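Coordinates in review
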Amino acid sequence: MGTEKTPARVVGGWMLRHPRTMGSTTAVSSASVMVGYQTVLWAAGIAVLAGASWRLLDAPTFDRFAGRLLRAWWRRWVIYQRQWMRVVAACGLVTSDHRGDSLVPKLVAVRSNWVWDSLHIRMAKGQEPEDYGQALDRLANSFKAHAASMRILKSGKIALDFQRREPFNEMAIPLPAMPESIEAVDLRKLEIGRDEFGRPFHLDLLKRDIHVLLAGETGAGKGSWLWGLQRALAPLIRAGHVRLWVIDPKGGMELGGGQEMYHRFADSDRTGLALMNEYVETLDQRKFDLGRQGIRNATPSRDTPLDVLICDELAAMTAYSDRDIRVEFHQLLSKGLTQYRAVGGRIVGATQEPTKDVVPMRGLFPTKIALRVDAASYVDMCLGEGMRDLGAFADKIPAYLPGVAYAKTDGRKEPRRVRAAFSTDTDITELVAFCTELNNVTPIRKEIELPDGTVTNPYEVNFEDFEDDEVEEIEQFEGEDDGDEEIA
C-alpha cells in the first residue's frame, strides 16, 4: 500500500521513458571505466571539433544528417520541455479530473529543421484539437515563433509547428548571370535561385528534372521560375539546340513578351491544342527516325533539339475549356509526359490548383514545386503524400515572399525550401534580344587588298566607269549537247 510513488518506481519509470538518454549515459560511463575519462574527453573534443568544421564547410549536409538531430534534442530540453508546464497552464490547456488532479498535455517528441520546429503532443483527457487551434497564437507568442500551425497526427495526438526564422527576409537572391556561350550551359545544373542555406538551386533537364510541375496561387511567383529557366537556357535557344513551345492561355499576358524567341506560341485554348498536336507529331516523327537508326538517347543539337513545352496555366487547358479540348489535350499531354524523355521532350506546367480534377496527370511529373498555395491539403496534392508532415509548409509562405517554394524531386525524401530569382521587364527584354540576335552569320568581307597594294571593295562596282570598247559582247555560246544558248 502506498508504493505507487516510491523513489525506485519514479526513477525506473523515468529510465524507461528516456531510453536514448540512459543509453548515452551508460555508454559514456562504461567507456570512462574501460579506457579512462581522459581518453573520453579527448574523443569528445575531437568529435566537437570535427562537427564544427563540418558545419562551417558544408552547412546544408551537416544540417541534413546531424544538425537537425542535435537541434531537436537541444530545443526540446532547453527551450520547450523546461517551460512546457508553465506555458500550457498560462494558455488554458491544463484540465483536471474528478479528483481534482491536474491533467497536462505531454510533449512526446520534437523535430526540427532549419526554419521550423514540430512538437508532437499527446493531448490530455477531455481535450480536442480545436482547443489547441484556439490557443495557437498564444502558444506561438509564448515560444517566440513567427508563425504556428496545427496538424492532427492520429486520435489523441497532434503536432504543433512553430516557425523560428524566415531566412529569405534578409537573404538577397541575385539573378544568375546569363550564360554567354553554349559551352557555359550545363543542362544538369541550370541555376534558378537559392535554397534557404544560400546555396545555388539547380534544375537538371537532362536526367532528373525531365518534367516539372509548378503549383501556386496568383502572385506566388510562378513567373520567376518560368523566366529563370528560359534565362538559363538562353545560349542553347539562340543556337537552336533548345526550342521552346509555349502555351499561355491567358492571352499571352505572362509569357507573351518572349514570343520572338519561341519556336511556337499559343495564347488561347484552341491554339494551345493545335500547338500540342504539332508538338506530339514532331516528337513522334523523331522517335521513329531515331529508332530506325538505333539511337536510344538523343543529344541536344540543331538536328535533335531539346523541345521544352511550357504551359503557364494547365487548368485552362485541362479543366476550364470545352470538353473536346480537355479530352484531347489530356491525352496528348499524358503521352508527352511518358514517351519523349529519350528523344528530348520536356514539359513544364504551372497551375493554381494542383487537384486531381485540374491536373489528373500530376503523378507523371517527377519534379514538383509548391509555391504559396491556398490550402494545406494542396501541399500533399502537389508534392506527394506526407510532404507537409516532413516540413513543406507551402500554405504558410508569406505573401510578401513571391518565388519562395518547396521543391520535391524523385530520389530525395525531404523537400527543399528554395526561392527563384526575380526577372524584371528589363531582364526579359535583354533575354529576348540575346536569343534573337543574328550573330551566328559570317559577315561578308567587304575590303580586299590588291597586288598593287590598293584596297577596294569587290562588291561595289560602278559599271558606268567602263568604256564601251572595254566590254566585249558575246553573241552566242556553243554548247556541246544542249544546243546553242544566246547570252544577253
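Description of the structure in this document. Model, not experiment: these values are computed from the prediction. (Residues numbered from 1 in each chain as written. Predicted model: local features only at pLDDT ≥ 70, side-chain atom pairs only at ≥ 80, totals over all residues. Heavy atoms only, no water.)

Comments concerning the environment of F288
To keep it simple, the criterion reads: Where helices and strands are cited, they refer to DSSP runs of H or I of at least four residues and of E of at least two residues respectively, numbered from the N terminus. The classification of residues rests on relative accessible area computed with a 1.4 Å probe and restricted to protein chains. Under 20% of the type maximum is buried, over 50% is exposed, and intermediate values are partly exposed.
You can see F288 is positioned in helix 10 (residues 269-293). Overall, F288 belongs to the partly exposed group, its relative accessible area being 45%. On a C-alpha basis, the gap between F288 and V343 in space is 9.8 Å, while along the polypeptide they are 55 residues apart.

Remarks on the packing of helix 10 against helix 12 (residues 323-339)
Basically, it comes down to this: Axis definition: a line fitted to C-alpha atoms, over the contacting stretch in the case of helices. Angles run 0 to 180 degrees between N-to-C directions. The labels follow the angle: roughly parallel below 35 degrees, roughly antiparallel above 145, roughly perpendicular from 65 to 115, and oblique for the rest. Crossing handedness: left-handed means the near helix sits turned counterclockwise from the far one by under a right angle, and right-handed means the same turn made clockwise. Contacts were defined at the residue level, with two residues in contact if any of their heavy atoms lie within 4.5 Å. Under the convention adopted here, Pro, Cys and the residues Ala, Val, Leu, Ile, Met, Phe, Trp and Tyr are nonpolar, Asp, Glu, Lys and Arg are charged, and Gly plus all remaining residues are polar.
The N-to-C vectors of helix 10 and helix 12 enclose an angle of 30 degrees; their axes lie 10 Å apart at closest approach. One finds that helix 10 runs roughly parallel with respect to helix 12. For the pair helix 10 and helix 12, the sense of crossing is left-handed. In this structure, helix 10 contributes D269, R270, G272, L273, M276, N277, V280, D284 and K287 to the contact, and helix 12 contributes D324, I325, E328, F329, L332, L333, K335 and Q339. For the contact of helix 10 with helix 12, the per-class residue count stands at seven nonpolar, three polar and seven charged.

Details of the packing of aromatic side chains
One pair of aromatic rings is described through two measures. These are the centre distance and the angle between the planes. We count it as follows: The pairing test for Phe, Tyr and Trp rings, Trp by its six-membered ring, is centres within 6.5 Å, and the orientation test on the planes gives stacked under 30 degrees, edge-to-face over 60, and tilted for anything in between. Either the NZ atom of lysine or the CZ atom of arginine qualifies as a charge over a ring when it sits within 6 Å of the ring centre and within 35 degrees of the ring normal.
Scanning the entire structure with this criterion turns up nine aromatic pairs. A ring pair is formed by Y80 and F162, whose centres lie 6.4 Å apart and whose planes are at 20 degrees; its orientation type is stacked. Within this pair, whereas Y80 is found in helix 4 (residues 59-80), its partner F162 is found in strand 6 (residues 157-163), the two being separated by 82 residues in sequence. The two residues Y80 and F162 agree in class, both being buried. Ring centres 6.4 Å apart and planes at 15 degrees place the aromatic pair W84 and F143 in the stacked group. With W84 in helix 5 (residues 84-90) and F143 in the loop between helix 7 (136-142) and strand 5 (147-154), this residue pair connects regions lying 59 residues apart in the sequence. Overall, W84 belongs to the buried group, its relative accessible area being 4%. Directly above the ring of F434 sits R238, whose terminal nitrogen or CZ lies 4.0 Å from the centroid.

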